[in-house]
Amino acid sequence: QFTHIAFVRLNAKEFVVSTYPSPAKDLVNIQITNPLGNAVTYKMFDIMGKNLGTFNAGSGNAISVSMPVTSLSNGTYWIEISNGQNTAITKMVVNR
């Protein structure tokens, strides 16, 4: 189930990010459509805006990341995904 989607239009091509499931229990999946094909990084923030870490998602036009969330407390988090030219922010909920 795709519930949190963010995108940026880039010359009729879209930088699109989808996260699922929501709420996440053990793992959250991040699907990234990256028309530029360049390197993508993502940052995770808690509800108070504290940066919990910066991660490398890889490069390419279609990127899939599976991120364990078992060490996170129940709550709402924000994921900021960037390819250096475009940035998308999406919400992630953890509920076990």
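Definitions and cut-offs
- Residues numbered from 1 in each chain as written.
- Predicted model: local features only at pLDDT ≥ 70, side-chain atom pairs only at ≥ 80, totals over all residues.
- Heavy atoms only, no water.
- Pairing = 2+ DSSP bridges.
- Helix = DSSP H or I, 4+ residues; strand = E, 2+ residues; numbered from the N terminus.
- Axes fitted to C-alpha atoms, helices over the stretch in contact; angles between N-to-C directions.
- Contact = heavy atoms within 4.5 Å.
- Core = buried A, V, L, I, M, F, W, Y, C linked by side-chain atoms within 4.5 Å.
- Buried < 20%, exposed > 50% of the residue type's maximum accessible area, 1.4 Å probe, protein only.
- Patch = residues over 30% accessible without salt bridge, like charges linked within 9 Å, V, L, I, M, F, W, Y side chains within 5 Å.
- Areas by Shrake-Rupley, 256 points an atom, 1.4 Å probe, with all protein chains shown as cover.
- Salt bridge = Lys/Arg side-chain N within 4 Å of Asp/Glu carboxyl O.

### Quick notes on the pairing of strand E2 (residues 13-20)
Phase 1: Pairing analysis gives five bridges linking E2 to strand E3 (residues 27-33), with the strands arranged antiparallel. In the sheet register, valine 16 faces E3, and the bridge partner there is threonine 33.
Phase 2: The turn linking E2 back onto E3 is made up of six residues.

### Observations regarding the sheet that holds strand E7 (residues 75-82)
Phase 1: With antiparallel pairing, the four strands of this open sheet are ordered in space as E5-E4-E7-E8. One side of each edge strand has no neighbouring strand; the edge strands of this open sheet are strand E5 (51-59) and strand E8 (87-94). Averaged over neighbouring strand pairs, the angle between their axes works out to 25 degrees when direction is ignored.
Phase 2: Sheet analysis places strand E4 (residues 39-46) next to E7, joined by six bridges and oriented antiparallel. Bridge pairing links lysine 43 to glutamate 80 in E7.

### What to know about the environment of lysine 25
Phase 1: By secondary structure assignment, the location of lysine 25 is in the loop between E2 and E3.
Phase 2: Distance from lysine 25 to leucine 72, taken between C-alpha atoms, is 9.7 Å for residues 47 residues apart in sequence.
Phase 3: Here lysine 25 is in contact with Val69, Asn95 and Arg96, once residues within four sequence places are set aside.

### Here's the deal with the environment of serine 73
Phase 1: Inspection of the secondary structure puts serine 73 in the loop between strand E6 (62-68) and E7.
Phase 2: Between the alpha carbons of serine 73 and valine 93 there is a distance of 9.9 Å; along the sequence they are 20 residues apart.

### Looking at the nonpolar core
Phase 1: Grouped together as the largest cluster of nonpolar side chains are 21 residues, with contacts concentrated most on Ile30, Ile32, Tyr42, Met67, Val69, Ile81 and Met92.
Phase 2: Of all the secondary structure elements, the ones that give two or more residues to this core are E2, E3, E4, E6, E7 and E8.
Phase 3: Not counting residues within four places of it along the chain, the set of residues in contact with isoleucine 32 comprises Phe15, Val16, Val17, Val40, Ala57, Asn61, Ala62, Ile63 and Ile81.

### Notes on unusual backbone geometry
Phase 1: Going from tyrosine 20 to proline 21, the amide bond is cis rather than trans, its omega being -5 degrees.
Phase 2: Here proline 21 is to be found in the loop between E2 and E3.
Phase 3: A cis geometry characterises the amide bond from serine 22 onward to proline 23, with omega recorded as 5 degrees.

### Side note on a nonpolar patch on the surface
Phase 1: Judged by side-chain polarity, Ile47, Met48, Trp78 and Ile89 come together as a nonpolar surface patch covering roughly 470 Å² of accessible area.
Phase 2: Topologically, tryptophan 78 is positioned in strand E7.
Phase 3: Look at tryptophan 78 and you get partly exposed, because its relative accessible area is 34%.

By themselves, these observations are geometric and do not establish any function.
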